[in-house]
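An overview of the molecular structure
Listed here are the chains, written in short residue letters.
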Number of protein chains: 2
Amino acid sequence: MTEVRIAGVGLTRFGRHPDRTGRDLFAEAALRAFEDAEVPRADVEGLNYGNFIGALAEGQGHQAPLMAEAAGLRCPATRYEEACASAGVAVREAVRTVRSGEADVVLAGGMERMTHVDTPTTTRGLATAADDLFEVRSGVTFPGAYALMARAYFDAFGGDRTDLAHIASKNHANAVDNEYAQYRREITVEEALDSPPVATPLHLFDACPITDGASAVVIVSEAYAEEHGLDAPVAVTGTGQGTDRMALGDRESLTETPAARDAATAAYEEAGIGPEDVDCAEVHDCFTIAEVLAIESLGFAAPGEGIRAAREGFTTADGDLPVNLSGGLKAKGHPVGATGAAQIAELVRLLRGDHPNSEHVDDATTAIAHNAGGTVASAVVHVLEVAE
Amino acid sequence: MTEVRIAGVGLTRFGRHPDRTGRDLFAEAALRAFEDAEVPRADVEGLNYGNFIGALAEGQGHQAPLMAEAAGLRCPATRYEEACASAGVAVREAVRTVRSGEADVVLAGGMERMTHVDTPTTTRGLATAADDLFEVRSGVTFPGAYALMARAYFDAFGGDRTDLAHIASKNHANAVDNEYAQYRREITVEEALDSPPVATPLHLFDACPITDGASAVVIVSEAYAEEHGLDAPVAVTGTGQGTDRMALGDRESLTETPAARDAATAAYEEAGIGPEDVDCAEVHDCFTIAEVLAIESLGFAAPGEGIRAAREGFTTADGDLPVNLSGGLKAKGHPVGATGAAQIAELVRLLRGDHPNSEHVDDATTAIAHNAGGTVASAVVHVLEVAE
């Protein structure tokens, strides 16, 4: 089986880009990735592109060929849509394509523009990630859905809003030095607690923002990297994907995310490692409670114990397992269709030692990315390792 | 490399299904495919699902996990969106996954519901397959775009509306006996000519209808088929995908579809065959002119000669190369996100000899499917062969 390397990564700044088109944003991320990789565009054999609500927010479906053109590519181009896990799936399929020998170079990434439309449109757009017939029509939006999960968690295991506020505060602190982050300012636990309620027990600072941005990752075979003398020290050694029932009401538990657990199990198995081998993680913290469920599903905390991880310092920048050193979705921002590949890009920078927060993971060799769709009806997990 | 077989296919009737949900339609297609394949659902390792305008027409994105649930599957599920080529891409990636050894059984298919929304919504939804900034805002809709291509073709090579009317008449004749077709009635060339104009030179009977429907194909490795004693005589021996510039105004020619040509070249090369080896084809005739461009891009007619193929009997049911024996998009119907896999399903039935029109291709061993996105900014081509 062909080994898979990441030759380069590119990101736009995450935030508000009212004056830029989607193709402009993606072209910037792709340009940076190609410059970072030192791979010529002519060698690219496929574009795997993630986008979620482009048809609603921009009147633009069929974005893959458009983005290939914007990125200067002439190759098969495919859009993946898996709600907030769209780019994670795009990366996964690129990894599998390169691993299979079908291609030596694939560009994977994503883009979302969300801040230019009004809030009802954004809310309705994001709600298309939930079950329209059995959730959305009953009034469930995403803050509400994750609030239900937080309540169920508190009921089952204890924990409180202060635990969640520590997660928000941690992720904001991590974002301060990240040049691509939407919110580069610290918030205190008290500020998070005092922010206005959105869907009890979740308050404003428990939620990630609405964000524009793009991401791109150049995925190559080890053979291609060697042949071209590329500096591509990070390998993708495991990929996994999981699926769960869509509607919360159809699930056996609101405090577990089996799609993520299945994805993690598969990714760990492929990589031949376990949670104990991981040095840092980027997880899908669309809400603070989501980070709790994520680290439990990845095996970093037992059920009911993830809630204390940030408060007790386990997942802080200088903790045993730094989580979301990028700032996470919470502070770095969440351009939905771009997020999965952006997580990979941040981990690659961290492992290569050229991330502003690399100092916190000096000897790190192994990282994991967790990207979830909707209320984790789908999930994608990747294991990255510094190659020998 | 693992050989890929199609173990079973399933379709709903194409047409109007105002009383059924999307998940209901897809569940029916999947049920039929599993019954046809005699493959247990527990063996399925992935669902590749195509859908185009679900977020706009149904308020439902993130459909892949929903459809996995509806089909009784618990496995990774991914949505592919490539406008009208969505299911073609879903099939292609399933073929590549099985071929690579990553999985032995993948279900590929798609679904679209379009008839329940009003015409402006459908038209706007379909227009998201074109370039929103440089085409749609200038008033280009799909009938208009294909009318421009028809005009350019007539100018370059000659041909007239009567040539196109023969294509419509042929495809309607083919649909009469197809139990899944939307329009099971013949139309004469005169009726086609006399139908009301839509976008000159295209009239109503040059266009495919608006359609609800679903399709599913069970794709397995040859080893799995043998081990389980499956009756799976049809192999996928070639797959190709191509991409072109999105906006018609950015292309070098309006009378060529290089995305389809590239896809066909790749598919033929993988299969080790050429156009002369093909016994029958399903091509993407969203408009009659599209069938002309399709057969030229597949190498069945030289540039400028495809226009006469139906009129001269080359592509009719008893011609040298029957095209769209299913009725095509034109008469069978075009539930956009389902079409690519439906074409494969029809070809499998034709090659196995259990299609109502199999009598027209008695000794057929080789077939080709051509599925296009938008104005062929993307295209997917598959070669199917009866295995030895």
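Along every chain, residues carry numbers that run from 1 in the direction the sequence is written. Numbering of ligands from 1 and lettering of chains from A proceed in the order in which they are written. A pLDDT threshold of at least 70 governs which residues receive local features in this predicted model, and a stricter bar of 80 or more applies before side-chain atom pairs are shown or counted, although totals over entire chains, interfaces and linings include all residues. Water and hydrogen atoms play no part in the side-chain values, which are based on all heavy atoms of the structure.

**Quick word on the overall build of chain A**
Quick reminder of the rule: Strands here are runs of E lasting at least two residues and helices are runs of H or I lasting at least four, both read from the DSSP assignment and numbered beginning at the N terminus. The size measure is the radius of gyration over C-alpha atoms, and the globule rule it meets is 2.2 Å times the number of residues to the 0.38 power. Contacts are residue-level and defined by heavy atoms, with any inter-residue pair within 4.5 Å sufficient.
For chain A, the helix and strand inventory stands at 13 helices and 11 strands. Here chain A has a C-alpha radius of gyration of 19 Å; the compact-globule value for 388 residues is 21 Å, and the two agree. If you line up chain A on its principal axes, its C-alpha atoms span 55 × 45 × 40 Å. Long-range contacts, defined as pairs at least 24 residues apart, comprise 78% of the intrachain contacts of chain A with a sequence gap of at least 6.

**A look at the pattern of salt bridges**
This is how it is decided: Between Lys or Arg on one side and Asp or Glu on the other, a salt bridge is scored when a side-chain nitrogen of the former is within 4 Å of a carboxyl oxygen of the latter. Partly exposed describes any residue whose relative accessible area lies between the buried limit of under 20% and the exposed limit of over 50%, with all areas from a 1.4 Å probe on protein chains only and scaled to the type maximum.
According to the stated counting rule, one finds 50 salt bridges over all chains in the structure shown. Notably, a salt bridge pairs Asp131 of chain A with Arg23 of chain B, separated by 2.9 Å at the nearest N-O pair. Here Asp131 of chain A, found in the loop between helix 5 (119-127) and helix 6 (142-157), pairs with Arg23 of chain B, found in helix 1 (residues 22-37), and the two come from separate chains. Neither Asp131 of chain A nor Arg23 of chain B differs from the other in exposure class; each is buried. Taking the shortest distance from any N to any O, the salt bridge between Arg74 of chain B and Asp262 of chain A comes out at 3.7 Å. Remark: Asp262 of chain A occurs in helix 10 (residues 258-271) and Arg74 of chain B occurs in the loop between helix 3 (63-70) and strand 3 (77-81); the pair is interchain, linking two chains. Judged by its relative accessible area of 30%, Asp262 of chain A falls in the partly exposed class. A single network of salt bridges, built from pairs that share partners, joins Glu93, Arg96, Arg99 and Glu270 of chain A together with Glu102 of chain B.

**Side note on helix 3 (residues 63-70) of chain A**
Residues and elements named next belong to chain A. Most of helix 3 sits inside the fold, with six of its eight residues counted as buried. For helix 3, the complete set of buried residues consists of Gln63, Ala64, Pro65, Leu66, Met67 and Ala68. Phi turns positive, to about 75 degrees, at Gly72, one or two residues after helix 3.

**A look at a negative patch on the surface**
Put simply, the rule reads: Put simply, a patch holds well-exposed residues, over 30% relative accessible area, that have no salt bridge, with like charges counted together within 9 Å and Val, Leu, Ile, Met, Phe, Trp or Tyr side chains within 5 Å. The method behind every accessible area is Shrake-Rupley, applied with a 1.4 Å probe, and residues are considered shielded solely by the protein chains displayed. This count recognises Lys and Arg as positive and Asp and Glu as negative, with His and chain-terminal groups excluded. The location of each charge is read from NZ of Lys, CZ of Arg, CG of Asp or CD of Glu.
Taken together, the side chains of Asp177, Asp318, Glu359, Asp362 and Asp363 of chain A present a region of like negative charge at the surface. On the basis of relative accessible area, Asp362 of chain A is assigned to the exposed category, the value being 63%.

**As for the packing of helix 7 (residues 161-175) of chain A against helix 11 (residues 288-297) of chain A**
A pair of packed helices is characterised by two quantities: the angle between their axes and the separation of those axes. Residue and element names in this part refer to chain A. Note the threshold: The convention used is that axes are lines fitted to C-alpha atoms, helices contributing only their stretch in contact, and that angles between N-to-C directions extend from 0 to 180 degrees. Angular relationships are summarised with four words: roughly parallel below 35 degrees, roughly antiparallel beyond 145, roughly perpendicular across 65 to 115, and oblique for the angles in between. Ten residue types, Ala, Val, Leu, Ile, Met, Phe, Trp, Tyr, Cys and Pro, are classed as nonpolar, four, Asp, Glu, Lys and Arg, as charged, and the remainder, Gly among them, as polar.
Relative to each other, helix 7 and helix 11 sit at 95 degrees, their axes nearing to 8 Å. Between helix 7 and helix 11, the angle is such that the two are roughly perpendicular. Contacts from Leu164, Ile167, Ala168, Lys170 and Asn171 in helix 7 reach Thr288, Ile289, Glu291 and Val292 in helix 11. Considering only residue class, the contact of helix 7 with helix 11 consists of five nonpolar, two polar and two charged.

**Some remarks on the interface of chain B and chain A**
The line we're drawing: Accessible surface is computed with a 1.4 Å probe, and the buried area is the amount of it that two parts give up when combined, taken over both parts together.
Every contact between the two is made by 52 residues of chain B and, on the other side, 52 residues of chain A. Carbon and sulfur atoms supply 46% of the area buried between chain B and chain A, which totals about 4100 Å² over both sides. The three residues of chain B that bury the most area against chain A are His62, Glu102 and Thr243 of chain B, which together make up 17% of that side's buried surface. Summed over the shared surface of chain B and chain A, the result is 10 salt bridges. Its salt-bridge partner being Glu102 of chain A, residue Arg96 of chain B comes within 3.6 Å of it at the nearest N-O pair.

**Let's talk about the relation of the copies chain B and chain A**
Applied cut-off: Overlaid copies result from least-squares superposition on C-alpha atoms, with residues included only where pLDDT is at least 70 in both.
Superposing chain B onto chain A requires a rotation of 180 degrees together with a translation of 0.0 Å along the rotation axis, leaving an RMSD of 0.0 Å. A rotation of that kind, with that shift, is consistent with a two-fold axis. Of the interface residues in chain B, 100% have counterparts in chain A that sit at the interface too, so the contact is made through matching surfaces.

**Here's the deal with the nonpolar core**
Selection criterion: Buried residues of nine kinds, namely Ala, Val, Leu, Ile, Met, Phe, Trp, Tyr and Cys, make up a nonpolar core once their side-chain atoms join them within 4.5 Å.
Of all hydrophobic cores here, the largest spans 59 residues; its most connected members are Tyr146, Tyr268, Ile289, Phe300 and Ile368 of chain B. For this core, the secondary-structure elements that each account for two or more residues are helix 6 (142-157), helix 7 (161-175), helix 10 (258-271), helix 11 (288-297), strand 10 (366-373) and strand 11 (378-386) of chain B. Among the elements that line this core, the one with the most residues is helix 6 of chain B, at eight residues. Discounting residues that sit within four places of it in the chain, Phe300 of chain B has contacts with Tyr268, Pro275, Val278, Ala281, Ile295, Phe314, Leu321 and Ile368 of chain B. If you look at the next biggest cluster of nonpolar residues, it comprises 58 residues, including Ala57, Tyr268, Val278 and Ala372 of chain A.

**Details of the environment of Gln182 of chain B**
Residue and element names in this part refer to chain B. The test is simple: Whenever two N or O atoms come within 3.5 Å, that pair is a polar contact, provided that in protein one can donate a hydrogen and the other can accept it, and provided that, for residues adjacent in sequence, both atoms are side-chain atoms.
Position of Gln182 among the secondary structure elements: in the loop between helix 7 and helix 8 (189-194). For the pair Gln182 and Gly213, spaced 31 residues apart in sequence, the C-alpha to C-alpha distance is 9.6 Å. Ignoring any residue separated from it by four or fewer positions in sequence, one finds Gln182 in contact with Arg13, Phe14, Gly15, Pro209, Ile210, Thr211, Ala331, Lys332 and Gly333. Here the side chain of Gln182 touches Ile210 through a polar contact of 3.1 Å, landing on its backbone oxygen. At 2.5 Å, the side chain of Gln182 and the side chain of Thr211 are in polar contact.

**So, the UniProt feature "domain: Thiolase N-terminal" (unreviewed entry) in chain A**
As a reminder of what qualifies: UniProt positions are given in the numbering used here, feature names are shortened, and annotations may be inferred rather than shown by experiment.
The positions that UniProt labels "domain: Thiolase N-terminal" (unreviewed entry) are, in the present scheme, residues 7-222 of chain A. Measuring from the first to the last C-alpha atom of residues 7-222 of chain A gives 10 Å, for a span that is 41% helix and 17% strand.

**A short note on the environment of His284 of chain A**
Residue and element names in this part refer to chain A. Inspection of the secondary structure assignment puts His284 in the loop between strand 9 (280-282) and helix 11. Under the relative-accessibility criterion, His284 is labelled buried at 1%. Distance in space between the C-alpha atoms of His284 and Gly46 is 26 Å, their sequence separation being 238 residues. In this structure, His284 is in contact with Cys84, Ala290, Leu329, His334, Thr339, Gln343, His370, Asn371 and Ala372, ignoring residues within four places of it in sequence. Polar side-chain contacts of His284 include one of 3.1 Å to the side chain of Asn371. At 3.2 Å, the side chain of His284 and the backbone nitrogen of Ala372 are in polar contact.

**A word on the side chain of Thr12 of chain A**
Residues and elements named next belong to chain A. Here Thr12 lies in the loop between strand 1 (4-11) and helix 1 (22-37). Residue Thr12 is classed as buried on the basis of its relative accessible area of 0%. Polar side-chain contacts of Thr12 include one of 3.0 Å to the backbone nitrogen of Ala214. Non-local contacts of Thr12, meaning those with residues more than four positions away in its chain, are made with Leu25, Glu28, Ala29, Arg32, Tyr180, Gly213 and Ala214.

**Notes on the pairing of strand 11 of chain B**
All names here are of chain B. Cut-off, in case you're wondering: Two strands qualify as a pair provided DSSP detects at least 2 bridges between them.
With eight of its nine residues buried, strand 11 lies for the most part within the structure. Here strand 8 (residues 234-243) pairs with strand 11 via nine bridges, running antiparallel. Within strand 11, the residue paired with Val236 across the bridge is Leu384. Where strand 10 folds back onto strand 11 in an antiparallel hairpin, the turn is made up of four residues, including Gly374, whose phi is positive at roughly 60 degrees.

**Describing the packing of aromatic side chains**
To keep it simple, the criterion reads: Two rings from Phe, Tyr or Trp (for Trp, the six-membered ring) form a pair when their centres are within 6.5 Å of each other. A pair whose planes differ by under 30 degrees is stacked, one over 60 is edge-to-face, and the rest are tilted. For a Lys NZ or an Arg CZ to count as sitting over a ring, it must be within 6 Å of the ring centre and within 35 degrees of the ring normal.
Under the counting rule described, the total for this entry stands at seven aromatic pairs over all chains. Where Phe26 of chain A meets Tyr49 of chain A, the ring centres are 5.2 Å apart and the plane angle is 85 degrees; that geometry is what we call edge-to-face. With Phe26 of chain A in helix 1 and Tyr49 of chain A in strand 2 (residues 46-50), this pair connects stretches of sequence that are 23 residues apart. The burial state of Phe26 of chain A is the same as that of Tyr49 of chain A; both residues are buried. A cation over an aromatic ring shows up here: Lys332 of chain B above the ring of Phe14 of chain B, its NZ or CZ 3.6 Å from the ring centre.

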